[in-house]
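Close look at the chain arrangement
Listed below are the residues making up each chain.
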Amino acid sequence: MNHGKIFCVGLGPGDPDMMSVKADRLLRNARHVAYFRKRGHPGKARQLVNGLLHAEVTEYPMEYPLTTEIPHDDPRYIAQLSSFYQDWQARLTQLTRSEDVIVLCEGDPFFYGSFMHLYVRLRQAEQVTVEVLPGIPGMVGCWHATGIPMTWGDDVMSVLPATLPDTPLREHMARSDALVIMKVGRHLGRIRALLDEQGKLDRAWLVINGTMSDQQVMPLRDAPERCPYFAIIVVHGQGRRPANDM
């Protein structure tokens, strides 16, 4: 085993005040910090810790070799992403021979986080100790931003990636009382049409950059035609409750 350790820090929904005390302490003392980003972009996780890192920190931007250039089920996509994660598993392991390394992750690392792909490889290699710090998932910050309770009584809530095809989206929407739809981006118009078809559009909200300084909250019916990838649609449940809570 190496002497150093890898800490994956869940940064929460975006507001630095919603980070855990342990995450804040680790970040302020870190000397080696890695984070994912799209080529040519600063990286959302890195932006969330502006002003928190030590002046002498060494940064390791892990740039995806591709994102949406080819379909995610294309063999070329799978091969390139697999090689990318394997390479960073080796590089981070090498760093931990003598140093701790912090890996940044928006929201919670085990909830649609890119770090999971590194985590399974690091665990399989068994050369380094890995500790994952949970964070408040972004969807929690988003439904609080609407100011409306998310689920009541026996409501069933489903979390759906907007990247799913129409048929499974319809099926999940139909059998769920409350919905969180993630990875919206260019799928906004399609999701809006499906919710309208299901009679749920009037209960749907779009939250962009939830809990951050540039947060935007609006009824989905009034939303523009396009939105960023970091946008979440929430449909609140209407379940069982006492009469005076109606």
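None of the values given here were measured: they were computed from a predicted structure.

At a closest axis distance of 10 Å, the pairing of helix H6 (residues 166-174) and helix H7 (residues 188-197) adopts a crossing angle of 45°. Comparing their axes, H7 and H6 come out oblique. As for how H6 packs across H7, the hand of that crossing is right-handed. Here Asp166, Leu169, Arg170 and Met173 of H6 lie close against H7, whose contacting residues are Arg190, Ile191, Leu194, Leu195 and Glu197. Considered class by class, the residues forming the contact of H6 with H7 number 5 nonpolar, no polar and 4 charged.

Moving on: the pairing of strand E4 (residues 101-105). Most of E4 is tucked away: 5 of the 5 residues are buried. Residue alternation in E4 divides its side chains into two sets, Val101, Val103 and Cys105 and Ile102 and Leu104, and both sets are buried. Where strand E1 (residues 5-10) and E4 come together, 5 bridges link them in parallel fashion. Bridging across to E4, Val9 finds its partner in Leu104.

Taken together, the 5 strands give an open sheet; going across it, the order is E6-E7-E10-E8-E9, and neighbouring strands pair in mixed fashion. Each edge of the open sheet is held by one strand with a lone partner, namely strand E6 (157-161) and strand E9 (216-219). Averaged over all adjacent pairs, the angle separating strand axes in this sheet is 20°, with direction ignored. The sheet contact formed by strand E8 (residues 204-208) and strand E10 (residues 231-235) spans 5 bridges and is antiparallel. Along E10, the bridge assignment pairs Val207 with Ile232. Each of E6, strand E7 (178-182), E8, E9 and E10 touches helix H5 (residues 138-145); the most contacted strand, E10, lies at about 60° to it.

Examined at the domain level, the chain breaks down into domain 1 (5-133) and domain 2 (138-235). Taking only C-alpha atoms into account, the centre of domain 1 sits 27 Å from that of domain 2. At the interface, 10 residues of domain 1 touch 12 residues of domain 2. The junction of domain 1 with domain 2 conceals about 910 Å² of combined surface from both sides, 70% of it contributed by carbon and sulfur atoms. Three residues stand out in domain 1 for area buried against domain 2, namely Pro13, Lys44 and Tyr112, and they jointly supply 55% of the buried area on that side. The tally of links from domain 1 across to domain 2 stands at 0 salt bridges. Counting the contacts that link domain 1 with domain 2 gives 1 residue pair in polar contact (both at pLDDT 80 or more). For the side of domain 1 that touches domain 2, the residue count by class is 5 nonpolar, 2 polar and 3 charged.

Note that Arg240 resides in the segment after E10. Taking the relative accessible area as the measure of exposure, Arg240 reaches 55% and is therefore exposed. The residues contacting Arg240, other than those within four sequence positions of it, are Trp152, Gly153 and Asp154. Here Asp154 takes part through its side chain, which lies 2.9 Å from a polar atom of the side chain of Arg240.

What counts, and at which threshold
- Residues numbered from 1 in each chain as written.
- Predicted model: local features only at pLDDT ≥ 70, side-chain atom pairs only at ≥ 80, totals over all residues.
- Heavy atoms only, no water.
- Axes fitted to C-alpha atoms, helices over the stretch in contact; angles between N-to-C directions.
- Helix = DSSP H or I, 4+ residues; strand = E, 2+ residues; numbered from the N terminus.
- Parallel < 35°, antiparallel > 145°, perpendicular 65-115°, else oblique.
- Left-handed = near helix turned anticlockwise from the far one by under 90°.
- Contact = heavy atoms within 4.5 Å.
- Nonpolar A, V, L, I, M, F, W, Y, C, P; charged D, E, K, R; others polar.
- Buried < 20%, exposed > 50% of the residue type's maximum accessible area, 1.4 Å probe, protein only.
- Pairing = 2+ DSSP bridges.
- Domains from an automatic or database assignment.
- Buried area = accessible area lost by both parts, 1.4 Å probe.
- Salt bridge = Lys/Arg side-chain N within 4 Å of Asp/Glu carboxyl O.
- Polar contact = N/O pair within 3.5 Å; in protein donor to acceptor, adjacent residues only side chain to side chain.

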